[in-house]
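# A look at the structure
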Amino acid sequence: MKNEMLAMILAGGKGTRLGKLTQNIAKPAVPFGGRYRIIDFTLSNCVNSGIKNIGVITQYQPIVLNDHIGNGASWGLDWINSGVTILQPYSNNEGSKWFEGTAHAIYQNIDYIDRINPEYLLVLSGDHIYKMDYEDMLEQHKQNQADLTVAVIDVDPKEASRFGIMNTDENNRIIEFEEKPAHPKSNHASMGIYIFTWPRLRNVLVNSFKKDVEMNDFGKNVIPFYIQSGDNVFAYNYAGYWKDVGTIDSLWRANMEFLDRESQLDLHDQNWRIYSKNPIAPPQFITAKAQVKNAMIVDGCFVSGQVEHSILSANVQVKEGAKIFDSIIMPGATIGKDVIIKRAIIGENAIIGDGAVIDGTAEIAVVGNGEVMGVTLDED
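Everything in this summary refers to the structure shown in the same document. (Residues numbered from 1 in each chain as written. Predicted model: local features only at pLDDT ≥ 70, side-chain atom pairs only at ≥ 80, totals over all residues. Heavy atoms only, no water.)

### Looking at the sheet that holds strand β14 (residues 285-286)
Spatially, six strands are ordered β14-β17-β20-β23-β26-β29 in an open sheet, and the strand pairing comes out parallel. Two strands bound the open sheet, and with one partner strand each, they are β14 and β29 (372-373). (Pairing = 2+ DSSP bridges. Helix = DSSP H or I, 4+ residues; strand = E, 2+ residues; numbered from the N terminus.)

### Re the pairing of strand β4 (residues 53-57)
Across the five residues that make up β4, a large majority, five, are buried. By the alternation rule, side chains of β4 split into Asn53, Gly55 and Ile57 and Ile54 and Val56, which are all buried. As paired elements, strand β1 (residues 3-10) and β4 share four bridges and run parallel to each other. Following the sheet pairing, Ala7 is matched in β4 by Ile54. By the bridge criterion, five bridges tie β4 to strand β5 (residues 83-87) in an arrangement that is parallel. Among the inter-strand pairings, Gly55 is bridged to a residue of β5, identified as Thr85. Each parallel crossover has a hand, and for β4 linked through helix α2 (residues 63-69) to β5 it is right-handed. (Buried < 20%, exposed > 50% of the residue type's maximum accessible area, 1.4 Å probe, protein only. Right-handed = clockwise from strand over helix to strand, strands pointing away.)

### Overview of the pattern of salt bridges
Counted by the stated rule, this structure contains 14 salt bridges. The partner of Glu176 in a salt bridge is Lys185, with the nearest N and O atoms 3.1 Å apart. Judged by its relative accessible area of 28%, Glu176 falls in the partly exposed class. We classify Lys185 as exposed; its relative accessible area is 60%. Put simply, Glu320 and Lys289 hold a salt bridge, and the shortest N to O gap is 3.1 Å. With a gap of 31 residues between them, Glu320 in the loop between β20 (317-318) and β21 (323-325) and Lys289 in the loop between β14 and β15 (291-293) connect regions that are remote in the sequence. We classify Glu320 as partly exposed; its relative accessible area is 41%. (Salt bridge = Lys/Arg side-chain N within 4 Å of Asp/Glu carboxyl O.)

### With respect to the nonpolar core
In terms of nonpolar packing, the biggest core is built from 64 residues, with Ile54, Met132, Tyr134 and Ile193 touching the most fellow members. The next biggest cluster of nonpolar side chains, apart from the first, holds 36 residues, and it includes Ile57, Ile116, Leu205 and Val222. (Core = buried A, V, L, I, M, F, W, Y, C linked by side-chain atoms within 4.5 Å.)

### Concerning the packing of aromatic side chains
Taken as a whole and assessed by the stated rule, the structure comprises 10 aromatic pairs. Measuring from ring centre to ring centre gives 5.0 Å for Phe32 and Phe258, while their planes differ by 90°; the resulting arrangement is edge-to-face. In this pair, Phe32 sits in strand β2 (residues 31-32) while Phe258 sits in the loop between α8 (248-257) and β14, placing the two residues 226 residues apart along the sequence. Across the pair, exposure class does not vary: Phe32 and Phe258 are buried alike. Ring plane angle 50° and centroid distance 5.4 Å describe the contact between Tyr194 and Phe218, whose orientation is recorded as tilted. Residue Tyr194 is found in strand β11 (residues 188-197), and its partner Phe218 is found in helix α7 (residues 218-228); the two are separated by 24 residues along the sequence. We classify Tyr194 as buried; its relative accessible area is 9%. Classification of Phe218 as buried rests on a relative accessible area of 1%. It is Arg200 that lies over the ring of Tyr226; its NZ or CZ is 5.6 Å from the centre. Seen from the ring of Trp252, Arg343 lies directly overhead, with NZ or CZ sitting 4.6 Å from the centre. (Phe/Tyr/Trp six-rings, centres within 6.5 Å; stacked < 30°, edge-to-face > 60°. Lys NZ or Arg CZ within 6 Å of the ring centre and 35° of its normal.)

### Examining unusual backbone geometry
Non-glycine residue Asn117 carries a positive phi angle of around 60°. Phi is positive for Asn349, which is not a glycine, with a value near 60°. Tracing the chain through its elements places Asn349 in the loop between β25 (344-346) and β26 (351-352). With relative accessibility at 48%, the residue Asn349 sits in the partly exposed group.

### Topic: the sheet that holds strand β27 (residues 357-359)
Pairing within the open sheet is parallel, and its five strands lie in the order β15-β18-β21-β24-β27. Every other strand in the sheet has two partners, leaving β15 and β27 as the edge strands with one partner each. Along the sheet, successive strands turn relative to each other by an average axial angle of 5°, direction set aside. In this structure, strand β18 (residues 306-308) lies alongside β21, joined through three bridges in parallel fashion. (Axes fitted to C-alpha atoms, helices over the stretch in contact; angles between N-to-C directions.)

### Things to note about the packing of helix α6 (residues 198-210) against α7
Closest axis-to-axis distance for the α6/α7 pair is 12 Å, and the angle between their directions is 115°. Taken as axis vectors, α6 and α7 run roughly perpendicular relative to one another. Where α6 crosses over α7, the two elements pack in a sense that is right-handed. Contacts between α6 and α7 involve Arg200, Leu201 and Val204 on the former and, on the latter, Phe218, Val222, Phe225 and Tyr226. Residue classes in the contact of α6 with α7 are distributed as six nonpolar, no polar and one charged. (Parallel < 35°, antiparallel > 145°, perpendicular 65-115°, else oblique. Left-handed = near helix turned anticlockwise from the far one by under 90°. Contact = heavy atoms within 4.5 Å. Nonpolar A, V, L, I, M, F, W, Y, C, P; charged D, E, K, R; others polar.)

### Some points on the pairing of strand β10 (residues 174-179)
As paired elements, strand β9 (residues 164-168) and β10 share five bridges and run antiparallel to each other. Bridging from a neighbouring strand, Asn167 pairs with Glu176 of β10. Hairpin connection between β9 and β10: a loop of five residues separates the two successive antiparallel strands, and Asn172 in this loop has a positive phi of roughly 70°.

### A short note on helix α5 (residues 134-143)
Taken residue by residue, α5 has Tyr134, Met137, Leu138 and His141 as its buried positions. Buried residues of α5, seen end-on, are gathered within an arc of 100° and therefore sit on one face of the element. (Arc of directions from axis to C-beta.)

Right, dumping it as structure tokens:
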């Protein structure tokens, strides 16, 4: 039986630009917005778009990510004729199967894709914050009789040289792809979201790897090949909220936007919910001594200090006299007495000792997952 569209989420990246925050977890598993992990947005987009089968390709430090996704129950993917499958590198008689690029990761999982037998393949990144209806993108793909559709977003022309740029004709057909051009011809930036007509992509990948033709990466190899071969390659224009949170600065800014009541990313939209696997925790407890202003404080938190314009994730402790401004405190972190934190990201289960000062005024300060700073905390 042929299924219409299968989603494949590329979630194996190291996220080296996030430094300490990804030393022991994959970037898509990094906590975000108090209640979520980054991959929740892509998974929820799939579910809200009616996609029932999803493959998640992992490679780097996958344990936390695997545990978070589980059997997909948190996204309603544990029913008959639906499911989420974790796809990790493996070895066989031919040797190791480490993924060498985005397209190579798809090639290595052809057997899985063939089992689903989709007509179309949706390839996604697991490390962006956005809401998108992939069904609308698929309808445009069909109308254009496209072999490949690439989602694009218009960026500031001054920033265009940082992206893969898609140059299009008057019919929105992509006629040229430029990878981070010094002098961009347009500002149509690739979002790393692709819909392929699967039989064509399968044929391209199998023949290329059989002939030892380099076809490891979608941006560097596959898209230029399609354009040069005369395939129907079209752009899908997206104008909504989209953030690449691949750097400390972008991760911090995107989190802070959650506190903006006029943010484009509405997490209270009942028609397009963002789902996640959240731990069972008691209600937050805010003592009489606490001062809270314009902050997000989720379940399991204990607050006896001052918290302003900040996000406290699940099970965070903020002890008496502590002051937190413009910061993100990730799950399980403990903030000691009289600590001062400004413009910082505090990693999961980190411990900040009494009286410590973390000042990111000049540059966003980062404390890694499980890192201990300052003196040993007294047990209360």
